[in-house]
Amino acid sequence: QVQLVESGGGLVQAGGSLRLSCAASGRTFSSYAMGWFRQAPGKEREFVAAISRSGGSTYYASSVKGRFTISRDNVKNMVYLQMNSLKPEDTAVYYCAAERGNSYYTPSSYDYWGQGTQVTVSS
């Protein structure tokens, strides 16, 4: 029903910035809350940020608050994650996800997932 494709990952030095993009295919994009999650080697997938259907509310993990900004463009069917002041501990595969529910922090509550994009932050 919904296809999600992430882009924008890459290698960056500590303190640098990246902007991740997630392109969504589907006529009901605005019906979904959107989230970003990340998974580092040997770690569980963890919540990073989420945004409500209209974009009026955002939610962040404490580890990224003040550094990352999630946004969405419901005209273009796009979700973004602006990442500033990157740290080596931000290194992970980043996934965007869509859910029809409202359990923003829980991976199992999301209905659709992208393939992920690698973010590597060097010291």
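This text gives an overview of the structure that appears in the document. This structure is a prediction, so every number in the text was calculated from the model and none was measured.

1. Quick look at the nonpolar core
So, point 1. One finds Met-34, Trp-36, Leu-81, Met-83 and Tyr-94 to be the most contacted residues of the largest nonpolar core, which totals 36 residues.
So, point 2. Elements represented by at least two residues in this core include exactly β3 (18-25), β4 (33-39), β5 (46-51), β7 (68-73), β8 (78-83), β9 (92-99) and β11 (117-122).
So, point 3. Those residues in contact with Met-83 that sit more than four places away from it in its chain are Gly-16, Ser-17, Leu-18, Leu-20, Arg-67, Phe-68, Tyr-94 and Val-119.

2. Some thoughts on the environment of Gly-16
So, point 1. Residue position: Gly-16 is located in the loop between β2 (10-13) and β3.
So, point 2. Here Gly-16 falls in the buried class, since its relative accessible area comes to 18%.
So, point 3. With 107 residues separating them in the primary sequence, Gly-16 and Ser-123 have C-alpha atoms 11 Å apart.
So, point 4. With residues near it in sequence (within four places) discarded, Gly-16 still touches Met-83, Asn-84, Ser-85 and Leu-86.

Criteria and cut-off values
- Residues numbered from 1 in each chain as written.
- Predicted model: local features only at pLDDT ≥ 70, side-chain atom pairs only at ≥ 80, totals over all residues.
- Heavy atoms only, no water.
- Core = buried A, V, L, I, M, F, W, Y, C linked by side-chain atoms within 4.5 Å.
- Buried < 20%, exposed > 50% of the residue type's maximum accessible area, 1.4 Å probe, protein only.
- Helix = DSSP H or I, 4+ residues; strand = E, 2+ residues; numbered from the N terminus.
- Contact = heavy atoms within 4.5 Å.

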